[in-house]
Amino acid sequence: MANYQPQRGTYDAFYGDALNIEKITKVLKDIASSYAYYPIHTPIYESTELFTRSAGESSDIVTKEMFDFLDKGGRHISLRPEVTAGVMRAIVTNKLYATKDLPLKLQYFGPAFRYDRPQAGRYRQFNQFGVEQVGVTNAYEDAETIIMGYDCLKKLGFPHIILKINSIGDLESRANYKEALKEYFKDKIDNMCADCKHRFETNPLRILDCKVPSDQELVKDAPKMGNYLNEASQTRFDEVLSILDKAGVEYEVDPTLVRGLDYYSHVVFEFHFISNEGTNLGALGGGGHYDNLLKEVGGPKLSSVGFAFGIERLNSLLKEISPDTYEVEKLDAYLVTLGEVKEKAFEIATQLRRNNIDVDMGFASKSMKAQIKIALRKNAKYIVIIGEDEVKNDLYQLKNLETQEQVSLNVEQIINKLK
């Protein structure tokens, strides 16, 4: 007999996990909506060129992590490794930049795919929530996006968040900094990892993101981006930090932070979670500003800013820090049936559901004790006892499972009570 298992890097979410993912997603969507972000849905697969052009050929996503294939028409297709590129493509395809007021403020949620090493809370198929603000012209919009991400994590219940932030400047600043990095690493690159050697040729900024311990030691003494920001870039970064100060958002300027995608410019940021013991448990998500991405995919030159969170990563850490708030199945009421009353019980269940009351009932003949056990396992607040006498008198027993209080009510009264 076949024993099918989920593919490596995927998982099944059900009951508590699935409910928690729904809860997390709702919080994020509600906060984004309060900032006037509107939903956008894009395909989960696109032309591979869209991702190689937007993410940059030096990024790990492009060089190592994409699920790409040829379709039956011989076209090179990839499952999306992130959603931003698809959002930018959709803006260009549908000319949203010309038909809607700027900035466009868009929020998204859906699956993404990266052929990466699976870890706790990190999967090859995962759900990503994010926002994009397109048509950005000043530091306030950068800061607003950062504050929204910070608010999202606080609302979810993360107690200790550190915002790491840096500026990688405009095109001129980055060009000067890349030359300084190449000069610094040129005598060291032969002893560094293969990824760093590739990045040295394609985008030396990405060397700063290397995770190899021996290479990280060399990075510590590398030139700092802050010394190569031109006046305009430094002024912009100072403005963002000033707005964050006034909003009461604590941050740490990290001169090695560059993020993993090549399209960023000016401010980049990550939200890190610090445990009660003071241990940095890594990034929960992040994002940044980008000037040329929309133009790269065929649109006009409009600056943008955005961030993204991996939902499974958030769920994994929330379960660790707040196990008591882990979501379980909940019902307003469970219908307990005694005797030949299934037809009437089904009619009552339908009435309750049509009044937005969450109810369940069983159709198998079970004892009252067994049915109450089911109700308790489903965390029902009440049971409605429906027996032959109750049907005859059109009065049913509504019992509060917490207080054990029990009253006789007709269906209309039950609806009013439960609402």
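So, here's what we can say about the structure.

Parameters and conventions
Residues numbered from 1 in each chain as written. Predicted model: local features only at pLDDT ≥ 70, side-chain atom pairs only at ≥ 80, totals over all residues. Heavy atoms only, no water. Helix = DSSP H or I, 4+ residues; strand = E, 2+ residues; numbered from the N terminus. Buried < 20%, exposed > 50% of the residue type's maximum accessible area, 1.4 Å probe, protein only. Contact = heavy atoms within 4.5 Å. Core = buried A, V, L, I, M, F, W, Y, C linked by side-chain atoms within 4.5 Å. Salt bridge = Lys/Arg side-chain N within 4 Å of Asp/Glu carboxyl O. Arc of directions from axis to C-beta. Polar contact = N/O pair within 3.5 Å; in protein donor to acceptor, adjacent residues only side chain to side chain. Phe/Tyr/Trp six-rings, centres within 6.5 Å; stacked < 30°, edge-to-face > 60°.

Looking only at helices and strands, the protein chain features 16 helices and 16 strands. Overall, the protein chain is about 90 × 60 × 50 Å in size when its C-alpha atoms are taken along their principal axes. Within the span of the protein chain, comprising 419 residues, buried residues form 50% of the whole. Counting only contacts in the protein chain whose residues sit at least 6 apart along the sequence, the fraction spanning at least 24 positions is 69%.

With 44 residues, the main nonpolar core has Val87, Met88, Ile91, Phe185, Ile207 and Leu208 as its most contacted residues. Broken down by element, the residue count for this core peaks at six residues, all from helix H4 (residues 84-93). When neighbours within four sequence positions are excluded, Met88 is seen to be in contact with Glu132, Val134, Tyr290, Leu293, Leu294, Val297 and Ser304.

Moving on, we get to the pattern of salt bridges. Counted by the stated rule, this structure contains 13 salt bridges. With a closest N to O distance of 2.9 Å, Arg89 and Glu46 form a salt bridge. Note that Arg89 is positioned in helix H4 and Glu46 in strand S2 (residues 45-47), a separation of 43 residues in sequence. Looking at Glu46, the relative accessible area reads 10%, which means it is buried. The salt bridge partner of Glu347 is Lys344, with a shortest N-O separation of 3.0 Å. Of this pair, Glu347 and Lys344 both sit in helix H13 (residues 342-353), separated by three residues, roughly a single helical turn.

Buried within helix H16 (residues 411-418) are the following residues: Val411, Ile414, Ile415 and Leu418. What you see down the axis of H16 is that its buried residues fit within an arc of 100 degrees, all on one side. H16 presents Glu412 and Asn416 as exposed residues on the side facing more than 90 degrees away from its buried surface. Residues of H16 that are buried in the fold lie against strand S12 (331-337), H13, strand S14 (380-386), strand S15 (396-400) and strand S16 (406-409). The backbone nitrogen of Glu412 has a side-chain oxygen 3.2 Å away, supplied by the residue at the start of H16, namely Asn410.

Time to look at the packing of aromatic side chains. Under the criterion given, the structure shown has eleven aromatic pairs. For the ring pair Tyr264 and Tyr290, a centre distance of 6.1 Å and an interplane angle of 65 degrees mean the geometry is edge-to-face. Linking Tyr264 in the loop between strand S8 (251-253) and strand S9 (265-274) with Tyr290 in strand S10 (residues 280-290), this pair joins segments that are 26 residues apart in sequence. One exposure class covers both Tyr264 and Tyr290, and it is buried. Taking 5.1 Å as the distance between ring centres and 50 degrees as the angle between the ring planes, the aromatic pair formed by Phe307 and Phe309 counts as tilted. Under the relative-accessibility criterion, Phe307 is labelled buried at 2%.

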